[in-house]
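# Architecture at a glance
Each chain, letter by letter, is given below.
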Amino acid sequence: MSFHIEAKAGEIAESILLPGDPLRAKYIAETFLEDAVCYNHVRGMLGYTGTYRGSRVSVQGTGMGMPSASIYIHELINSYGAKNLVRIGTCGAIQADVKIRDVIIAQAAATDSAIIRNSFPGYDFPQIGNFELIKKAYEVGKAKGLNLHVGNVLSSDIFYSDDNASVFKLGQHGVLAVEMETAGLYYLAAKFGVSGLSLLTVSDHLVTGEQTTALERQTTFNDMIEVALDTVTR
Ligand SMILES: O=P(O)(O)O[C@H]1O[C@H](CO)[C@@H](O)[C@H]1O
Ligand SMILES: O=c1cc[nH]c(=O)[nH]1
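Residues numbered from 1 in each chain as written. Chains lettered and ligands numbered in written order. Predicted model: local features only at pLDDT ≥ 70, side-chain atom pairs only at ≥ 80, totals over all residues. Heavy atoms only, no water.

- If you check an unreviewed UniProt entry, the chain appears there as Purine nucleoside phosphorylase DeoD-type from Paenibacillus aestuarii.
- Quoted verbatim from the Sequence similarities (unreviewed entry) field of UniProt, the annotation for the chain is "Belongs to the PNP/UDP phosphorylase family." (UniProt positions renumbered as here; feature names shortened; annotations may be inferred.)

Written out as structure tokens, the structure is:
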């Protein structure tokens, strides 16, 4: 048991998928996992362990933003021995050629958060994904025929920003999309010597104004989910 997770030792797999939305965790457990058992109800931040094609895997909601996600990621690594942590999130695209429902492999993450900056005063520490996981996810996604994008994303502390000019300026420097957790995952993976990957499905578009519904975000982003499951279990 850790401060925010009530699972007993051994109840969480070394490979774990991390959606922000705990109901996306429930959907994945019920739709993709066999013999799934819910190991966490604390704060409604649902977590499940089951098997996928014979391999043990867990899925844990993390909440929104780096302060929340970092709590779960820290406890999963340090109290439960998680080794492969794969965020499966949603994001807003800031490039015209990145379309709604496309899947992004976050090779790296820029951030406006002070969380990481404050750990390395005077330095810009790069937040990068694990190469082996990135490579595997890319191969799995391509084999599925997906329209994949690989590159930089922005992990922001702010959903409703007054300053979209800065976000679009990052877009002019190649950043593909904005979300709220990847940099925190990559920072903690580097800090604790484990493997982190972030896969994102485009749920809305900051250029065109298109949006998906909450139910679609909760239950229909199966391409990303299957890529994540195949990546950690093959
Ligand atoms: O769908 P999730 O994984 O929660 O990710 C995105 O959605 C939330 C904002 O709506 C933020 O957590 C953002 O990163
Ligand atoms: O953080 C997020 C997530 C989805 N869409 C956005 O615009 N921002």
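Next comes the rest of the description.
## Quick look at helix H2 (residues 66–78)
- In a regular helix each residue adds 1.5 Å, so 13 residues correspond to 18 Å; H2 covers 17 Å between its end C-alpha atoms and thus fits that length.
- For H2, every residue scored as buried is listed here: Met66, Ser68, Ala69, Ser70, Tyr72, Ile73, Glu75, Leu76 and Ile77. (Helix = DSSP H or I, 4+ residues; strand = E, 2+ residues; numbered from the N terminus. Expected span 1.5 Å × (residues − 1). Buried < 20%, exposed > 50% of the residue type's maximum accessible area, 1.4 Å probe, protein only.)

## Some points on the site of ligand 2
- For ligand 2, the full set of nearby residues is Thr90, Cys91, Gly92, Phe159, Val178, Glu179, Met180, Ser203, Asp204 and Leu206.
- At 3.2 Å, a backbone N or O of Gly92 approaches a nitrogen atom of ligand 2.
- Asp204 has a polar side-chain atom sitting 2.7 Å from a nitrogen atom of ligand 2.
- Its free accessible area being 230 Å², ligand 2 has 87% of it covered by the protein chains. (Near = heavy atom within 4 Å. Polar contact = N/O pair within 3.5 Å; in protein donor to acceptor, adjacent residues only side chain to side chain. Areas by Shrake-Rupley, 256 points an atom, 1.4 Å probe, with all protein chains shown as cover.)

## Focus: the layout of surface pockets
- Considered as a void within the structure, the largest pocket measures approximately 920 Å³ in volume.
- In terms of lining, the largest pocket is formed by 36 residues, of which the most central are Phe159, Val178, Glu179, Met180 and Asp204.
- Among the elements that take part in the lining of the largest pocket, strand E5 (residues 84–93) stands out by supplying five residues, more than any other.
- In terms of residue class, the lining of the largest pocket is built from 13 nonpolar, 14 polar and nine charged.
- One number sums up the size of the second largest pocket: a volume of about 230 Å³. (1 Å grid on protein atoms, 1.4 Å probe; cavity = no way out; pocket = protein on both sides within 12 Å on 5 of 7 lines; lining within 4 Å. Points joined across faces, edges and corners; volume = space filled by probe spheres on them. Nonpolar A, V, L, I, M, F, W, Y, C, P; charged D, E, K, R; others polar.)

## Structural notes on the packing of helix H4 (residues 131–143) against helix H8 (residues 222–233)
- Running from N to C, H4 and H8 cross one another at 125°; their axes reach a closest spacing of 9 Å. In terms of their interaxial angle, H4 and H8 are classed as oblique. Considering how the two elements wind past one another, H4 and H8 form a crossing that is right-handed. Residues Leu133, Lys136, Ala137, Val140 and Gly141 of H4 form the contact with H8, whose own contacting residues are Val227, Asp230 and Thr231.
- In terms of residue class, the contact of H4 with H8 is built from four nonpolar, two polar and two charged. (Axes fitted to C-alpha atoms, helices over the stretch in contact; angles between N-to-C directions. Parallel < 35°, antiparallel > 145°, perpendicular 65-115°, else oblique. Left-handed = near helix turned anticlockwise from the far one by under 90°. Contact = heavy atoms within 4.5 Å.)

## Things to note about the side chain of Thr182
- Structurally, Thr182 is set in helix H6 (residues 182–192).
- Separated by 2.9 Å, the side chains of Thr182 and Glu179 make a polar contact.
- When neighbours within four sequence positions are excluded, Thr182 is seen to be in contact with Arg87, Ala106, Ala109, Val153, Ser155, Ser198 and Leu200.

## A few points about the pairing of strand E3 (residues 47–52)
- In terms of residue burial, E3 counts as a mostly covered element, since five of its six residues are buried.
- Summarising the sheet, strand E2 (residues 34–40) and E3 pair through four bridges and their orientation is antiparallel. When the bridges of E3 are listed, Cys38 appears paired with Tyr48.
- In this structure, E3 lies alongside strand E4 (residues 55–60), joined through six bridges in antiparallel fashion. Each bridged residue has a counterpart across the sheet, and for Thr51 the counterpart in E4 is Arg56.
- With antiparallel pairing between neighbouring strands as the criterion, E3 and E4 make up a hairpin whose turn holds two residues, including Arg53 at a positive phi of roughly 50°. (Pairing = 2+ DSSP bridges.)

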